[in-house]
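Fold and contact review
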Amino acid sequence: MTDPTGIRAESYLSPETLSQLAPFDLRARMIVEGVRSGFHASPQQGLSVQFKQHRPYTAGDDVKHLDWKVYARTDRLSVKQYEQETNLDIVVLVDCSASMRYGSMGVKAGWGGTRASGSTSSWTKFDHATATATAVAWMCLQQSDRVGLSLFSNGIKQTIGRTSSIGHWRRIVSVLSSEPVDDTTDFERTTEQVLSKITNRSLFVVISDFLQDPASIRSSMARFRHNKHDVICLQVLDHQEIEFDLQDPSLFLDMESDDRLRVDPPAIRDAYIEALASHQEEIRSLLTGFGFDHHLLDSREPVGPALARVAARRSSWLKSHHGR
Amino acid sequence: MVVESPHIIGLVFITPWMALLGIAGILIPLAIHLLFRRRRTTMEWAAMHLVQQAWASRKSRVRIEQMLLLISRCLIPLLLGLALAQPLFDSNWFSGGPVNRYIIIEDGITSMTRTDSGRTDLEDAKDSVLRYLETVPAGDPVTVITMSDNTTTGPTTNPETIRRIISGIESSHLPSDLRTSVSVASDLIEALDDGSRSEIMLATGYRRGSLSDGRKDPVVLDGSVDLVRNTRQTSAPDNLRIVDVVPNRSFVLADADGSERLRNAHSSTATITIARDGPGYPQTSTSILVRGETRESSRNIEWSEGRRTIVTTIDLPVDRTSDADEAFGVEILPTDSLPEDNLWYLNMGSIDGIDMLILDRPAPGSTSWIPYALDPMSSDTMSLRTIDPVSLIESDIRGTDIIIVVRPDLVPSDSMRHLITHLESGGSIIIAPPASMNHGWVDSWNSELDVPWEWDQQVRIHDRPTGLSITDDMVDHLRSIGTELETLLTPVAVERIQIITPRDGCETILGTTNGDPFLIASPPSRSGSGSVIAFASPMDTDWTDLPTRPLMVPLFQELIRDAVSRNGTTSQHTVGVPVESTRGRFESMRSTRLPIIDFLNPETVVFDTPGHWILREDGSNPDRIHSSNIAPGSSSTSPIDDIEISALVDHPVGWIELDSDRPDSTVVNSASVTRYIILILLVLAVGETVLSRLFTHSRYRNPGA
């Protein structure tokens, strides 16, 4: 990808830099470029590569697909057959509930952000989620996968059907940048609505803060598992939500309800971090229990390296499960 | 009025206002706490359930932590204030009630006495009081009584205040009155009437001058009062002192022409009493220097071995060319351990002349002896008129200094009021009985004149003429001729005498050798009335040959001058003795210092220092000079003995000497309590810092989320 400014692509991957880029689609392309530049040594080219089976080698097959380990054991030439040979359906689910509106990192006024950040002048979790979602979508479209998008809160708010057209990416970007961010989160209802429309096996990339009740998340994930879908959960949390390094006594207002509480943050920081760690452990165990990926994204960290880590872990998982 | 230090749970504070500041300082952390509560910011938060979980698990602990922090932060200013307030441990809080302590400290004229160590008695007395205060448990109310004026300060329980009071005491020229001071303390103890214990601490130089009141009756104190005294001075440092200087006359007659001859002829004299204290009374000499305004004189006197008092006459170098009052300073040398009593202030009034009126109707052929006796005086300064008693009118006595009544029997009863008016205005009357044997006049005179004697109609006729004898009162009236009086009296014979019965207050100047009063006087009253002098015999040779004797002239001359001198208010005063003054105000001739006005009686003033003073009648023009001196005998530095000290009080135990007999007290001093508070404060400050970091800063710097 050509860098219009002549600056290395990696430098655009940090949220601080991304937040300065007014064109929304430009941000996503910059992220993907960064991911690619970080992956140039990797044997894997995309997320949708999935091992399926071996078949006997026939003349004309590309020798690079020969499985030399099988040849060594059986003295027969076999070729690996991948699902990448067929397009994969990828559905990106982005949480647009009110809790995603939180952000502690300020940005300059007038940056072309989402509707979540327009009023707060801060890099919100939703901003980070959209940047991640567009980057994922771009990467998948680049390898001809079919990509769909759904925005959800207490249900599906907006949906874009799955297609592998490169032009489809612009629609995704448009929807992400214009959808209001409010309401509560209802995973179960969202899952029900999504699965009612998607029947074929798909890869769901769920981007949310996952601060909801773990029971409802468990219920939703069970539905995905039941329908044999694969799920990658990208949990976006603000750095302040992770560190809770607040100093001044404050009145905390829940972003999704009317709950409020006066608290001196330093006095409860350790308890908060313990509670967060417990919550995270619960989320992690339930997702990995279903065989799904779970990745925590700090909204103050660059998106590209985080996505690269997600891709690396996924390929590693694939290798361990399919012998590639 | 000294404010008592507050007691708070067994503590007494030297600077209680600092404790109040400390208490007020509690408001600072409270205010900060409340301010921060009000300044809470509002924050929208996504992970609210995590905050709620954290708060639910930490709520109790956080509240306790915050309370601990708030308490420690409140205690820091409180303890700081308490430490700065210098608290003292009040042992009385645990062991019975406080002991009321009365410190009597010597600050009179003898307190200036310098001992062999070069320190004054007052400095030694202060040191002994400060040592005594170190043994006084905190919380005991202490009252300080200064011995010179018996002023009480306190009570106060604040040791620093007491020390400040003691340190601020300065010597005064007032006489110390040890017995009265003890009596004042006794009165204060009686006034308490609460059954509490009391202690009197006596800090004095034990000089005889401090017992100058002369009383012997002891002050009665019961066993609930402990008596402590400082160590008695046993040495008597060399101290030569002027006890008294009495001018023989309080005035001089001014000579307008001021010729040298008259100046020398009319020098005045004074009687000076000098005493000495010391370890020994060797043979030595003393110089007496008298400084007038233009002239001075001096003389030496010799002390024989063992002699302690000398009474002698000194010449006052009067400048008679001036018609103003004149001030004198009498100084004795060498100076000694108490130089304050080596100088005496004296003054002489100056009057233009003496106006005399004789009420007489000379019988044909008789001789008027009295005018003859007065005639030799200078005509410039003396005027003598003779009128018939019957014709006496009010204008006759106006401006008259002396009225000599030779024929009292002829004074009409209506004219008696003129004589009384004359007396009330400060004039004097000399009365001689008529030469007749009929003395019916005495009835009206006895009833009209308020004199301390009674004339009798009886006349005593001696078979053999009697002579005249000197009496004790003579010295005061005829001082100038005192040395020659015995010689002058010898040839005088008295054949007849009118019987006069003296009463209390009557001064007999001369008496007959068989004991009858011959010349008597009533002292001038303090209200300014003049004196009445009466002869028991007329100046008639049938009664006495006095008119023909050399005594006649000096006797009348002296009587006239003495009467004029004694009339009216005196101009010689004693420091500390109230003086009635309604006519003007006194100004010191040496400084701008004014005498002290007695505010309980605004018409009196009290001279607090020796010196010369000008009485300004209208506030601007100098009028009369007044002199003030220390009380006679008040500067005696001879030590008083233990018996006399014991005799001050009637007490079951008596005085206990502070430095030798008194057991040590177990008193917690101020530093110990302050030290503990500072230690607690430091621990608290460190604790607050640790707690603050522990409570308000998370221990999880690297969350594992």
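Note that this is a predicted model, so its numbers are computed, not measured.

Cut-off values and rules
- Residues numbered from 1 in each chain as written.
- Chains lettered and ligands numbered in written order.
- Predicted model: local features only at pLDDT ≥ 70, side-chain atom pairs only at ≥ 80, totals over all residues.
- Helix = DSSP H or I, 4+ residues; strand = E, 2+ residues; numbered from the N terminus.
- Buried ≥ 20, exposed ≤ 12 C-beta atoms within 10 Å, placed from the backbone.
- Contact = placed C-beta atoms within 7 Å.
- pLDDT = per-residue confidence, 0-100.
- Pairing = 2+ DSSP bridges.
- Axes fitted to C-alpha atoms, helices over the stretch in contact; angles between N-to-C directions.
- Nonpolar A, V, L, I, M, F, W, Y, C, P; charged D, E, K, R; others polar.
- Parallel < 35°, antiparallel > 145°, perpendicular 65-115°, else oblique.
- Bend = angle between axes of the 7 residues up to and from the residue.
- Core = buried A, V, L, I, M, F, W, Y, C linked by C-beta atoms within 7 Å.
- Arc of directions from axis to C-beta.
- Right-handed = clockwise from strand over helix to strand, strands pointing away.

1. Comments concerning the overall build of chain B
For chain B, the helix and strand inventory stands at 17 helices and 37 strands. A burial count over chain B gives 41% of its 705 residues as buried. Here the analysis covers contacts within chain B between residues at least 6 apart in sequence; of these, 77% occur between residues at least 24 apart.

2. A closer look at the overall build of chain A
The helix and strand tally for chain A stands at 11 helices and 12 strands. Looking at chain A residue by residue over its 324 residues, the buried ones come to 42%. The long-range share in chain A, meaning contacts at least 24 apart out of those at least 6 apart in sequence, stands at 73%.

3. Digging into the confidence of the model for chain A
Residue and element names in this part refer to chain A. With 75% of its residues at a pLDDT of at least 70, chain A reaches an overall mean of 77. Counting interchain partners and residues more than four positions distant, the pLDDT-below-50 stretch residues 1-13 has 24 contacts. Of the regions scoring below 50 in pLDDT, residues 36-48 engages in 22 contacts with residues more than four places distant in sequence or in other chains.

4. Regarding the sheet that holds strand E22 (residues 428-431) of chain B
All names here are of chain B. Strands sit in the order E20-E19-E21-E22-E28-E27-E26-E24 across an open sheet of 8 strands; the sheet is mixed. For this open sheet the edge positions go to strand E20 (382-387) and strand E24 (468-470), each flanked by a neighbour on one side alone. Sheet twist, expressed as the mean angle between neighbouring strand axes with direction ignored, is 15°. As paired elements, strand E26 (residues 507-512) and strand E27 (residues 517-522) share 4 bridges and run antiparallel to each other.

5. Points about the sheet that holds strand E8 (residues 203-208) of chain A
Residues and elements named next belong to chain A. What the 6 strands build is an open sheet, ordered E7-E6-E3-E8-E9-E12; its pairing is mixed. In the strand order of this sheet, the two ends are held by strand E7 (156-163) and strand E12 (293-298), each with one partner. Shown here is a sheet whose adjacent strand axes are inclined to one another by a mean of 15°, direction ignored. Lying over the sheet, helix H7 (residues 187-197) contacts strand E3 (89-95), strand E6 (146-152) and E7, oriented at roughly 30° with respect to E7.

6. Details of the interface of chain A and chain B
At the interface, 33 residues of chain A touch 29 residues of chain B. Elements with a minimum of two residues in the side of chain A that touches chain B: helix H9 (239-243), strand E10 (250-254), strand E11 (260-263) and helix H10 (265-289) of chain A. Of the residues forming the side of chain A that touches chain B, the biggest block, 13 residues, is contributed by H10(A). Considered class by class, the residues forming the side of chain A that touches chain B number 19 nonpolar, 4 polar and 10 charged. Examined bridge by bridge, E10(A) and strand E3 (residues 41-45) of chain B share 5 bridges and lie parallel to one another.

7. Thoughts on the packing of helix H1 (residues 16-25) of chain B against helix H3 (residues 48-84) of chain B
Residues and elements named next belong to chain B. For the pair H1 and H3, interaxial distance at closest approach is 7 Å and the crossing angle is 175°. In terms of axis orientation, H1 runs roughly antiparallel to H3. Contacts from Met18, Ala19, Leu21, Gly22, Ile23 and Gly25 in H1 reach Pro77, Leu78, Leu80, Gly81, Leu82 and Leu84 in H3. Looking at the contact of H1 with H3, its residues break down into 9 nonpolar, 3 polar and no charged.

8. Quick notes on unusual backbone geometry
Here the amide bond leading from B:Gly154 into B:Pro155 is cis, since omega sits at 5°, within 30 degrees of zero. For the bond running from B:Leu333 to B:Pro334, omega is 5°, close enough to zero to count as cis. A positive phi angle, near 70°, is found at A:Asp183, a position not held by glycine. Following the sequence through the fold, A:Asp183 ends up in the loop between helix H6 (168-178) and H7. Taking the number of C-beta atoms within 10 Å as the measure of exposure, A:Asp183 has 16 and is therefore partly exposed. Here B:Asn150, not a glycine, exhibits a phi torsion of approximately 55°, which is positive. Following the sequence through the fold, B:Asn150 ends up in the loop between strand E6 (142-146) and strand E7 (152-156).

9. Some thoughts on H3(B)
Largest kink in H3(B): about 60°, centred on B:Arg58. B:Gln86 sits one or two positions beyond H3(B) and adopts a positive phi of about 50°.

10. What to know about the nonpolar core
If you look at the biggest cluster of nonpolar residues, it comprises 75 residues, and the most contacted ones within it are A:Val92, A:Ala137 and A:Val205. At 11 residues, helix H5 (residues 125-142) of chain A tops the list of elements feeding residues into this core. What A:Ala137 contacts, discounting residues up to four positions off in sequence, is A:Val92, A:Val147, A:Leu149, A:Trp169 and A:Ile172. Grouped together as the second largest cluster of nonpolar side chains are 54 residues, B:Val451, B:Trp453, B:Ile500 and B:Leu546 included.

11. Digging into the environment of B:Ala536
Its location among the elements puts B:Ala536 in the loop between strand E28 (532-535) and helix H14 (552-566). Setting aside chain neighbours within four positions, we find B:Ala536 in contact with B:Ile497, B:Gln498, B:Ile500, B:Asp516, B:Pro517 and B:Phe518.

12. Things to note about the packing of H5(A) against H6(A)
Residue and element names in this part refer to chain A. Where H5 contacts H6, the two axes come as close as 10 Å, and the packing angle between them is 170°. Classified by the angle between their axes, H5 and H6 sit roughly antiparallel to one another. Packed against H5, whose contacting residues are Thr130, Ala133, Thr134, Ala137, Trp138 and Leu141, the element H6 presents His168, Trp169, Ile172, Val173 and Leu176 at the interface. Residue composition of the contact of H5 with H6, grouped by class: 8 nonpolar, 3 polar and no charged.

13. Some words on helix H5 (residues 159-168) of chain B
Residue and element names in this part refer to chain B. When H5 is considered as a whole, its buried residues turn out to be Pro159, Thr161, Ile162, Ile165 and Ile166. Down the axis, H5 shows its buried residues gathered within 160° of arc, on one side only. The exposed set on the far side of H5, more than 90 degrees from its buried face, consists of Arg164, Ser167 and Gly168.

14. Details of the pairing of strand E21 (residues 402-405) of chain B
Residues and elements named next belong to chain B. Residue alternation in E21 divides its side chains into two sets, Ile402 and Ile404 and Ile403 and Val405, and both sets are buried. Of the strand pairs in this sheet, strand E19 (residues 354-359) and E21 are connected by 4 bridges, and their pairing is parallel. Paired with Met356 across the bridge in E21 is Ile402. Both E21 and E22 contribute to a ladder of 4 bridges, which runs parallel. Bridge assignment links Val405 to a residue of E22, and that residue is Ile431. Handedness of the crossover joining E21 and E22 through helix H10 (residues 416-424): right-handed.

15. Overview of the confidence of the model for chain B
Atom-level detail of predicted coordinates should not be read off regions where pLDDT is low. All names here are of chain B. In this model, chain B carries a mean pLDDT of 81, and residues with pLDDT of at least 70 account for 85%. Of all secondary-structure elements in chain B, the lowest mean pLDDT belongs to helix H7 (residues 260-265), at 46, while E6 reaches the highest, 93. For the stretch residues 260-265, pLDDT sits under 50, and the model shows 4 contacts to residues farther than four places along the chain or on other chains. Residue range residues 698-705 is modelled with pLDDT below 50. Its contacts to residues more than four positions away, or to other chains, number 17 contacts. At the level of chain-chain contacts, confidence expressed as ipTM amounts to 0.78, with global pTM at 0.53.

16. Some remarks on the environment of B:Ala373
Residue and element names in this part refer to chain B. Within the secondary structure layout, Ala373 lies in helix H8 (residues 369-374). The class for Ala373 is buried, based on 22 C-beta atoms found within 10 Å. Ignoring sequence-local partners within four residues, the contact set of Ala373 consists of Met552, Val553 and Phe556.

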